[in-house]
Amino acid sequence: MINEPDNFEQLRKLLALKRYEQPPPTFFPQFTREVMHRISTPVRATDSVGDRTWIERLWQYLEIRPWLAGAVGAAACAALIAWIIYAQHVEWAPPTLPVVTQHVPEPSPEAPALVQSDKSATPMLATSTNPVPPGLFDPFGLRIERVNLSISNR
Amino acid sequence: MPKPAPDQPTADTANKNVGTPDTECPADEPALVRRAQAGELDAFEELVRRYQERIYATIYHMTANHEDAADLAQETFIKAFEALKTFKGQSSFFTWLYRIAINKTINFLKQHRHRIQMSLNDLDFSAEHDPDIVALISEKTPRREVNLVELQQRLNEALQKLSETHRLVVVLHDVQGLPHEEIARIMDCNVGTVRSRLFYARQQLQALLSDYLK
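Here is what the cut-offs are and how they apply
- Residues numbered from 1 in each chain as written.
- Chains lettered and ligands numbered in written order.
- Predicted model: local features only at pLDDT ≥ 70, side-chain atom pairs only at ≥ 80, totals over all residues.
- Heavy atoms only, no water.
- Helix = DSSP H or I, 4+ residues; strand = E, 2+ residues; numbered from the N terminus.
- Buried < 20%, exposed > 50% of the residue type's maximum accessible area, 1.4 Å probe, protein only.
- Contact = heavy atoms within 4.5 Å.
- Areas by Shrake-Rupley, 256 points an atom, 1.4 Å probe, with all protein chains shown as cover.
- Expected span 1.5 Å × (residues − 1).
- Polar contact = N/O pair within 3.5 Å; in protein donor to acceptor, adjacent residues only side chain to side chain.
- Axes fitted to C-alpha atoms, helices over the stretch in contact; angles between N-to-C directions.
- Parallel < 35°, antiparallel > 145°, perpendicular 65-115°, else oblique.
- Left-handed = near helix turned anticlockwise from the far one by under 90°.
- Nonpolar A, V, L, I, M, F, W, Y, C, P; charged D, E, K, R; others polar.
- Core = buried A, V, L, I, M, F, W, Y, C linked by side-chain atoms within 4.5 Å.
- pLDDT = per-residue confidence, 0-100.
- Phe/Tyr/Trp six-rings, centres within 6.5 Å; stacked < 30°, edge-to-face > 60°.

**Overview of the overall build of chain A**
- In terms of helices and strands, chain A carries four helices and four strands.
- Secondary structure elements in chain A, listed N-terminal to C-terminal, are α-α-α-α-β-β-β-β.
- Residues classed as buried in chain A amount to 16% of the 154 residues present.
- Put simply, 61% of the contacts in chain A that link residues at least 6 apart link residues at least 24 apart.
- Accessible surface for chain A amounts to roughly 12100 Å². Of this, 63% is attributable to carbon and sulfur atoms.

Set out below in structure tokens:
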């Protein structure tokens, strides 16, 4: 048998302070009602551990391992940021521009030779990726003439 | 030396006869338990009213968290109701109920070691008039009420540093006032084990609380 030394008496008096820790006065009447309600309801609440969904069990698992929860959160954030960056990179990549071939007609003789027309069909690159609404204007009917900046003697 | 109480609560363990008579067994309790086993909810409600304070207090002193203590105490009584038909009466209902509560609490503490403790700050005002408490706190200190709160916090912190087993013996004996024999029945061990654990736990607490012990 282990004898209790006298110096534990002070400790026991100190531990007596714990007896003064009480919940609010309304706690125990409410507690009884809640227990009896849970017992008497048709769908009786079973043991909380066995009745949890997989999400609740996962949450409980992560709750007691804060370092793992932080790692999972950081990985999720990194994946989200990576996906956003990848999605923006795909949108901003220059598309392959279609080649538009236009037939440039000769200028009429009455008009001043302000430009020198190029009789050959000049392949030109469409500078806009937006499709031209049909009927707005006919891009293939445009007269495109090069500017001749030389001074001609008339 | 027999093993301590098992981690998983089982009705067979709760019914194990330790040999010595129980110290607490009201005369009408066996009849009350039989009526509850027969399905009378009024009888079980009476059992809840009789033991809810002690069950809650034990769980609270172990967890130092009011919310957890309330949840675990509810689950204890619900588990007791579900397992009521397996109660053979070899021990008192009190002992059997305590075992369920303690097993649930210890399992909970092992799963939630990082739980934040929230102590009850609603100290009874009579605490500052307790002669033992007054003896511990100098009357010359102008803010004695602050010292009471600080003392409570330090006490709870020190208790949480003990292992669950050692904390339990201190709570049951020094806080709840249960005798060694009853604690041995509840913890499913012999009286010598209870005494040795209690001695070790007190030594640890004394070292942790040396500033408050004269």
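The structure having been displayed, the exposition proceeds.
**Details of helix 4 (residues 66-82) of chain B**
Residues and elements named next belong to chain B.
- Helix length check: helix 4, at 17 residues, gives a terminal C-alpha distance of 24 Å against a target of 24 Å (1.5 Å per residue), a fit within 8%.
- Within helix 4, 13 of the 17 residues are buried, which leaves the element mostly enclosed by the surrounding structure.
- The N-terminus of helix 4 is capped by Asn-65, whose side-chain oxygen sits 3.0 Å from the backbone nitrogen of Glu-67.

**Here we look at the packing of helix 5 (residues 93-111) of chain B against helix 8 (residues 164-175) of chain B**
Residues and elements named next belong to chain B.
- The geometry of helix 5 relative to helix 8 is characterised by a closest axis approach of 11 Å and an angle of 140 degrees between their N-to-C directions. By the criterion of interaxial angle, the relationship of helix 5 to helix 8 is oblique. Like other packed secondary-structure pairs, helix 5 and helix 8 cross with a definite hand, here right-handed. Between helix 5 and helix 8, the contacting residues are Tyr-98, Ile-102, Ile-106, Leu-109 and Lys-110 on the first element and Glu-164, Arg-167, Leu-168 and Leu-172 on the second.
- Along the lines of polarity and charge, the residues of the contact of helix 5 with helix 8 split into six nonpolar, no polar and three charged.

**Notes on the nonpolar core**
- Among the nonpolar cores identified, the biggest contains 72 residues, and B:Phe44, B:Ile55, B:Phe77, B:Phe93 and B:Val170 are the most heavily contacted of them.
- Sorting elements by how many residues they give to this core places helix 5 of chain B first, with eleven residues.
- Residues contacting B:Phe77, with those up to four places away along its chain left out, are A:Phe31, A:Val35, B:Phe44, B:Leu47, B:Val48, B:Tyr51, B:Gln52, B:Ile55 and B:Leu97.

**Comments concerning the confidence of the model for chain B**
Residues and elements named next belong to chain B.
- Here chain B averages 80 in pLDDT, and 72% of its residues register 70 or above.
- No element of chain B has a lower mean pLDDT than helix 1 (residues 11-14), at 40, and none a higher one than helix 3 (residues 41-63), at 95.
- Across the interfaces of the predicted complex, the ipTM metric reaches 0.75, alongside a pTM of 0.60.

**Focus on the environment of A:Leu15**
- Among the secondary structure elements, A:Leu15 is positioned in helix 1 (residues 8-15).
- Assessed through its relative accessible area of 0%, A:Leu15 is described here as buried.
- Filtering out sequence-adjacent residues up to four positions away, A:Leu15 remains in contact with B:Leu155, B:Val170, B:Asp174, B:Val175 and B:Leu205.

**With respect to unusual backbone geometry**
Residues and elements named next belong to chain B.
- Of note, Ala-64 is a non-glycine position whose phi angle comes to about 55 degrees, a positive value.
- Considering the arrangement of structural elements, one finds Ala-64 in the loop between helix 3 and helix 4.
- On the accessibility criterion, Ala-64 (1% relative accessible area) is buried.
- One non-glycine residue, Asp-188, lies in the positive phi region at around 60 degrees.
- Taking the relative accessible area as the measure of exposure, Asp-188 reaches 13% and is therefore buried.

**Notes on the packing of aromatic side chains**
- Here the structure, examined in full by the defined rule, presents 14 aromatic pairs over all chains.
- Here the aromatic rings of A:Phe27 and B:Tyr56 are separated by 4.9 Å at their centres, their planes lie at 50 degrees, and the arrangement is tilted. With A:Phe27 in helix 2 (residues 27-40) and B:Tyr56 in helix 3, this residue pair bridges two chains.
- Assessed through its relative accessible area of 2%, B:Tyr56 is described here as buried.
- Both rings, one in B:Tyr51 and one in B:Phe94, keep their centres 5.7 Å apart while their planes meet at 45 degrees; by these two values the pair is tilted. Here the residue B:Tyr51 occupies a position in helix 3, and B:Phe94 occupies one in helix 5, the gap between them amounting to 43 residues. The exposure classification of B:Tyr51 matches that of B:Phe94, with both residues buried.

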